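Here's the letter readout for the chains.
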Amino acid sequence: MSHSVGETGFPVLNRKDISSFESVFIDPTVRKRSDIAERQSRLVRFVSGEVVPKLIRLHTEVVPDAPPLEALIRVLKPNKADISDFAEILLGDDLEAAANYVTIMRDRGLSIEVLYTELLEPTARFLGKMWERDECDFIDVTIGVGRLQTLLSIFHETYSLPKLKSKRHVLMAAAPGNQHVFGVSIIEELLASGGWRVQTDHSGEANQIKSAVRNDWFAVVGLTVGSDLQIEDLKSFIGDVRRASQHGAIGVMVGGSMFTEDPSLAVQVGADATAPNAPAAVLAAQKLFDKGAVQQRATS
């Protein structure tokens, strides 16, 4: 995303661009709902206790030369003075404020890994916990995860890629020898509501999965694994998928109870990511999409 620097020294983003590209990350039927503003306000109230401590830490420890919190509030939210309003910057109705916040932190030297692991991914996980406790519903989660995906795209400047909507294509498949894993349909539905084109393959057939990535372009493949995990077999298969893929920088996610219990297994099998719940899985997919796009941009 191109931006200039205003009198305050903060980046100034193109409002027209900002107002148009969030539609990529949230299903249009959700964005048109009459209760969107009310739902966003409720999300802000729930998430503020989780988000604010992370933001304070980012300002005071991770990016020590960042502008004072009060200055950011004054510039990004002129009518707000309470530190808790940072939750609204992330999940509220002012996307321009959220975009400015993320861009400022990036330009101040915040790495994507810190932004993701310290702020965005924990927020996605928290949304999932709220959903499990019936404190919010599918529409609320769609709105929240859509905003988090948008902020990742802003950070990586991938929102303006040609044919962005068609490139956000994910294959969700049962790993070889596995059947459909309970709960994966929720991830597939949330991916679709988050603007992804979702293709599924629950056959558990290795050749069928490799044929799919060979014959069509996917940004990400998600493999679900049941109770029986053979690390070397899965590692070998993931290598086969990468070699067969049309997309040279395809991202690979893995999921299942064993990865939830021990996320380090994802690295052992050669995957790029795993996630403990559906909202975090959608955000992980966006991170992998952005990573692949950045790699391709660097080599083109």
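Residues numbered from 1 in each chain as written. Predicted model: local features only at pLDDT ≥ 70, side-chain atom pairs only at ≥ 80, totals over all residues. Heavy atoms only, no water.

A. Representation of the overall build of the protein within the structure. The helix and strand tally for the protein stands at 15 helices and seven strands. Taken across its 300 residues, the protein has 55% of its residues classed as buried. Nonlocal contacts in the protein, meaning residues at least 24 apart in sequence, comprise 77% of its contacts between residues at least 6 apart. With the model as given, the accessible surface of the protein reaches about 13300 Å², and the carbon-plus-sulfur share is 49%. (Helix = DSSP H or I, 4+ residues; strand = E, 2+ residues; numbered from the N terminus. Buried < 20%, exposed > 50% of the residue type's maximum accessible area, 1.4 Å probe, protein only. Contact = heavy atoms within 4.5 Å. Areas by Shrake-Rupley, 256 points an atom, 1.4 Å probe, with all protein chains shown as cover.)

B. Geometry of the packing of aromatic side chains. A complete count under the given rule lists two aromatic pairs for this structure. Ring centres 5.8 Å apart and planes at 55° place the aromatic pair W131 and F138 in the tilted group. The residue whose ring lies beneath K287 is Y116, and the NZ or CZ to ring-centre distance is 4.3 Å. (Phe/Tyr/Trp six-rings, centres within 6.5 Å; stacked < 30°, edge-to-face > 60°. Lys NZ or Arg CZ within 6 Å of the ring centre and 35° of its normal.)

C. View of the packing of helix α8 (residues 138–156) against helix α10 (residues 184–193). Two elements in contact, α8 and α10, have axes whose closest approach is 9 Å; the angle formed by their N-to-C orientations is 55°. Regarding the angle of α8 to α10, the classification is oblique. For the pair α8 and α10, the sense of crossing is right-handed. Side by side, α8 and α10 meet where F138, V141 and T142 of the first sit next to E189, L190 and S193 of the second. Per-class residue counts for the contact of α8 with α10 are three nonpolar, two polar and one charged. (Axes fitted to C-alpha atoms, helices over the stretch in contact; angles between N-to-C directions. Parallel < 35°, antiparallel > 145°, perpendicular 65-115°, else oblique. Left-handed = near helix turned anticlockwise from the far one by under 90°. Nonpolar A, V, L, I, M, F, W, Y, C, P; charged D, E, K, R; others polar.)

D. Local environment of the nonpolar core. In terms of nonpolar packing, the biggest core is built from 62 residues, with L115, L120, L191 and W196 touching the most fellow members. Elements with a contribution of two residues or more to this core: α3 (36–62), α5 (86–91), α6 (95–107), α7 (112–132), α8, β3 (169–174), α10 and α15 (278–299). Residues lining this core come from more than one domain, with at least three contributed by each of domain 1 (69–156) and domain 2 (162–299). Each residue touching W196, except ones within four places of it in the same chain, is listed here: Q149, R168, H169, V170, L191, A219, V220, V282, A285, Q286 and F289. Judged by nonpolar contacts, the second largest core, of 24 residues, contains A173, F218, L223 and A244. (Core = buried A, V, L, I, M, F, W, Y, C linked by side-chain atoms within 4.5 Å. Domains from an automatic or database assignment.)

E. Layout of the packing of α10 against α15. α15 packs onto α10 with a crossing angle of 50° between their chain directions and a minimal axis gap of 9 Å. The angle between α10 and α15 falls in the class oblique. Helix-helix and strand crossings are classified by hand; for α10 and α15 the assignment is right-handed. Only A278, P279, A281, V282 and A285 of α15 make contact with α10, whose side of the interface consists of I186, I187, L190 and L191. Here the contact of α10 with α15 is composed, by residue class, of nine nonpolar, no polar and no charged.

F. Structural context of the sheet that holds strand β7 (residues 273–274). Pairing is parallel in the open sheet, where five strands are placed in the order β4-β3-β5-β6-β7. Where the open sheet ends on each side, the last strands, each with one partner, are β4 (197–201) and β7. Strand direction decides the pairing type here: strand β5 (residues 220–224) and strand β6 (residues 251–255), joined by five bridges, are parallel. In the strand pairing of β6, T224 is matched with G255. (Pairing = 2+ DSSP bridges.)

G. Layout of the environment of Y101. Structurally, Y101 is set in helix α6. Taking the C-alpha atoms as reference, Y101 lies 9.3 Å from L151; in sequence the two are 50 residues apart.

H. Quick peek at the layout of surface pockets. Of the volumes computed, that of the largest pocket is approximately 510 Å³. Together, 26 residues line the largest pocket, and G183, I187, P276, N277 and A278 are the ones closest to its centre. Among the secondary structure elements, those contributing two or more residues to the lining of the largest pocket are α7, α10, β5, β6, α13 (257–261) and α15. Tallied by class, the residues present in the lining of the largest pocket amount to 15 nonpolar, ten polar and one charged. (1 Å grid on protein atoms, 1.4 Å probe; cavity = no way out; pocket = protein on both sides within 12 Å on 5 of 7 lines; lining within 4 Å. Points joined across faces, edges and corners; volume = space filled by probe spheres on them.)

I. Structural context of α15. Its 22 residues place the ends of α15 32 Å apart at the C-alpha level, agreeing with the 32 Å of an ideal helix rising 1.5 Å per residue. Where α15 starts, the residue carrying a side-chain oxygen 3.1 Å from the main-chain nitrogen of A280 turns out to be N277. (Expected span 1.5 Å × (residues − 1). Polar contact = N/O pair within 3.5 Å; in protein donor to acceptor, adjacent residues only side chain to side chain.)

J. Highlighting unusual backbone geometry. With a phi close to 60°, D134 is a non-glycine residue in the positive phi region. Tracing the backbone shows D134 in the loop between α7 and α8. Assessed through its relative accessible area of 68%, D134 is described here as exposed. If you check the backbone angles, K163 has positive phi at about 55° while not being a glycine.

K. Geometry of α7. Over its 21 residues, α7 runs 28 Å from end to end, which matches the ideal 30 Å to within 8%, given 1.5 Å per residue. Taken from the residues just after α7, D134 is the one with a positive phi, measuring 60°.

In short, geometric facts, not functional conclusions.
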